[in-house]
Amino acid sequence: MVGTGGPVATFSVWDYVVFAVTILGAAGVGLFQAIRGRKETSSDEFLLGGRQMTAVPVAMSLTASFMSGITVIGTPAEAFRYGTAFWLFGFAYAIMSVVTAEIFVPLFYRLGITSAYEYLEMRFSRPVRLIGTSMYIAQTVTETQTKPTKHITGLDLWGVLVATGAVCIVYCTLGGLKAVIWTDVIQMVIMLSGFVAVIARGAVLQGGLTKIWEDAGEGGRLKAFDFDPDPLKRHTFWTIVVGGSVMWISIYSINQSQVQRYISCKSLGHAKMSLYVNMVGLWVTVSLAMFSGLTMYSIYKNCDPLTNGDISTSDQLLPYLVMDILAAYPGIPGLFVAAAYSGTLSTVSSSINALVAVTVEDFILPVCKNLTEKQVTWMNMGLSVFFGAVCIGMAGVASVMGSILQAALSIFGMISGPLLGLYLLGILFRTSNSVGGLLGMIAGLVLTLWVGIGGQIYPPTDEKTNPLPVSTAGCNSTASHNYTTAAPWTSSVTLTSHIRPALADSWYSLSYLYFSLLGTVTTVVCGLLVSMITGGCKQEKLDSKLFVRKSDLICFSYFNKTKVRCSFRQGNK
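As the structure is a computational prediction, the values presented were derived from the model and not from experiment.

Rules behind the numbers
- Residues numbered from 1 in each chain as written.
- Predicted model: local features only at pLDDT ≥ 70, side-chain atom pairs only at ≥ 80, totals over all residues.
- Heavy atoms only, no water.
- Disulfide = S-S within 2.5 Å.
- Helix = DSSP H or I, 4+ residues; strand = E, 2+ residues; numbered from the N terminus.
- Buried < 20%, exposed > 50% of the residue type's maximum accessible area, 1.4 Å probe, protein only.
- Patch = residues over 30% accessible without salt bridge, like charges linked within 9 Å, V, L, I, M, F, W, Y side chains within 5 Å.
- Areas by Shrake-Rupley, 256 points an atom, 1.4 Å probe, with all protein chains shown as cover.
- Salt bridge = Lys/Arg side-chain N within 4 Å of Asp/Glu carboxyl O.
- Axes fitted to C-alpha atoms, helices over the stretch in contact; angles between N-to-C directions.
- Parallel < 35°, antiparallel > 145°, perpendicular 65-115°, else oblique.
- Left-handed = near helix turned anticlockwise from the far one by under 90°.
- Contact = heavy atoms within 4.5 Å.
- Nonpolar A, V, L, I, M, F, W, Y, C, P; charged D, E, K, R; others polar.
- 1 Å grid on protein atoms, 1.4 Å probe; cavity = no way out; pocket = protein on both sides within 12 Å on 5 of 7 lines; lining within 4 Å.
- Points joined across faces, edges and corners; volume = space filled by probe spheres on them.
- Core = buried A, V, L, I, M, F, W, Y, C linked by side-chain atoms within 4.5 Å.
- Phe/Tyr/Trp six-rings, centres within 6.5 Å; stacked < 30°, edge-to-face > 60°.
- Lys NZ or Arg CZ within 6 Å of the ring centre and 35° of its normal.

A. Up close: the state of the cysteines. Scanning the model with the defined rule gives one disulfide in all. A disulfide bridge connects C303 with C475, and the sulfur atoms are separated by 2.0 Å. Taking the sign of the S-S torsion, about 110° here, the bridge from C303 to C475 comes out right-handed. Residue C303 is found in the loop between α13 (268-300) and α14 (317-325), and its partner C475 is found in the loop between α20 (462-465) and α21 (515-533); the two are separated by 172 residues along the sequence. Take C303 and C475: they sit in the same class, and that class is buried.

Have a look at this one:
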């Protein structure tokens, strides 16, 4: 019986067929679109699609690259255990979209750059650019992960990774950014279809969407708005809207994987529109993911699979649910796993193309200036194969090593805050110089690494993370696997509370959503102070193209056009 614990079915032949056809079909469509529309084999065509992309496919690609395999599998588990506070990220997505579209997109578009880090040399110095690029490469290579589904579906992890990775490398190498974007479009549809399948089947089993919503309310899963200003609490309205906004701005505004997409658009209008359409895509994605989690809770409200020992980690909750409720429909579990792997492939393909771009533009071309177009093209393709192999390898290692590597990856995620602070120093403050920017970024990085490493060693207590209760009262059997120990949902902190230092329950318990804000503010403040001390106020006149302009903003642009029209009409009277 569904929702009462115990072993579930594994993949059938049809599931393997659907999985393979889905992954290969998406890659095939992307590659076909790229080759069909290719006018030349230049580096600009490979890395930026010839700067002829339109808003909607770019928007879907931006959303798909956000939807990693971790998002597909992890977000529903978040709703199951912590409720719907994650839904508040909708506000953060809106703020991120406006800031990125109105401030950063016009700047990068005006400068005509390929690598986002070219700006750092234009504004500061070449060493600052190389350091920024190196931080991005380290962050991106180590962030590539996938969540294991082997224990639930029976899929061989390394076999699937190698096979799907090979497909990813082929379309990235032969088709460039255009293939990546069009493949992302198909993968986006696949990922959303996976969520819809789970919700639809759950609604049939539970007696409708209303019943799912009622169960979530009774279980305390719908209390999303917590206005407690405590910065140590994991998810509150303020940590998500304030800290989450800065975190997502740092991801979308200066991350090469995202920047490379919107500067590939054929006009500034299309580039801005891609971010606003992407905002809607993010809203739809997070809503379907959260409702999938509520569906999971409605089914397992009386028998938590993790506590019952049916699974070993919370990341296996959604795959377990899929095999529990959809195994009777051959091919549908295959579609879901294809959705999860599509998230990983989208992230990997984005990373490959972006890593090639920054390596060529920031490290190779400034040194080897006499390379022919053909040599650069072959170099792009060779680097695509190299970075593809590295990213797929890291994805596999992440799955095997689990929480150990996850801790390291969280630390690398803190890089984006100080980098955002460096860019803000450049585009907003004319007094900032390269010395101030570099030392400010170092200060921000040291501070975020300090609090981040401390938080990994001494995780916050349940009082700050606010996990909601689960039950095993309705379980018919306890799994023979016996994966879990005493309290699987309880933080390991309870086992080491007697050796926790004084900072563990204060500084180290800072919400992870404030890491980027901390790094950004520290970088800006320290950077300004150092710049003033080192002669930032006496710099030669800088090019106005390197700074934010009022004319970049839609509101000012609209006001000026209206003003011109009014003046024209008055002049004709």
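Right, picking up where we left off after that structure.
B. Quick look at a nonpolar patch on the surface. A surface patch of nonpolar side chains, about 500 Å² in accessible area, is lined by F91, F225, F227, W238 and V242. Of note, F91 is situated in helix α5 (residues 89-111).

C. Looking closely at the packing of helix α19 (residues 434-457) against α21. The geometry of α19 relative to α21 is characterised by a closest axis approach of 7 Å and an angle of 150° between their N-to-C directions. It follows that α19 is roughly antiparallel to α21 by the angle criterion. For the element pair α19 and α21, the recorded crossing hand is right-handed. Across the interface between the two elements, V435, G436, G437, L439, G440, M441, A443, G444, L447, T448, V451 and G452 of α19 pack against F515, L518, G519, T522, T523, C526, G527, V530 and S531 of α21. Grouping the amino acids of the contact of α19 with α21 by side-chain chemistry returns 10 nonpolar, 11 polar and no charged.

D. A look at the layout of surface pockets. Taken as a whole, the second largest pocket spans an internal volume of roughly 240 Å³. Forming the boundary of the second largest pocket are 17 residues, of which Y82, A85, K223, H235 and N466 lie nearest the centre. Its residues placed into classes, the lining of the second largest pocket shows six nonpolar, six polar and five charged.

E. Examining the side chain of T522 more closely. Relative to the elements of secondary structure, T522 occurs in helix α21. Given a relative accessible area of 13%, T522 falls into the buried group. If we ignore the near neighbours within four places in the chain, the residues touching T522 are G440, A443, G444, L447 and G527.

F. Broad picture of the packing of α5 against α13. At a minimum axis separation of 9 Å, α5 and α13 run at an interaxial angle of 165°. One way to sum up the angle between α5 and α13 is to call them roughly antiparallel. Where α5 crosses over α13, the two elements pack in a sense that is right-handed. On the side of α5, the interface is formed by G90, Y93, A94, M96, S97, V98, T100, A101, E102, V105, P106 and Y109, while α13 contributes L268, A271, K272, L275, Y276, N278, M279, L282, W283 and V286. Among the residues forming the contact of α5 with α13, the class breakdown is 16 nonpolar, four polar and two charged.

G. Examining unusual backbone geometry more closely. Here the phi dihedral of R51 falls at roughly 50°; this positive angle occurs in a residue that is not glycine. Looking at R51, the relative accessible area reads 22%, which means it is partly exposed. At N466, a position not held by glycine, the phi torsion is positive, near 55°. Inspection of the secondary structure assignment puts N466 in the loop between α20 and α21.

H. Quick look at the nonpolar core. One finds F89, F108, Y119, Y171, W248 and Y423 to be the most contacted residues of the largest nonpolar core, which totals 137 residues. The dominant element in this core, judged by the number of residues it contributes, is helix α9 (residues 157-206), at 18 residues. Look past the residues within four positions of Y119 in its chain and what remains in contact with it is L107, F108, L111, Y423, G426, I427 and L546. Residues M414, V451, F515 and L518 belong to the second largest nonpolar core, which totals six residues.

I. The arrangement of the packing of aromatic side chains in detail. Going through the model one piece at a time under the given rule, you end up with 22 aromatic pairs. Ring centres of Y117 and Y423 lie 6.5 Å apart, and the angle between their planes is 65°; this geometry places the pair in the edge-to-face category. A residue pair is termed long-range when its members are at least 10 positions apart, and Y117 in the loop between α5 and α6 (118-123) and Y423 in helix α18 (residues 416-428) qualify at 306 residues. Accessibility assignment for this pair places Y117 and Y423 in one class, buried. Taken together through their ring pairs, the aromatic side chains of F104, F108, Y117, Y119, Y136 and Y423 make up a single cluster. Above the face of the Y82 ring, R234 is positioned so that its terminal group lies 4.4 Å from the ring centre. For R430, the ring lying beneath its charged end belongs to F547, and the centroid distance is 4.1 Å.

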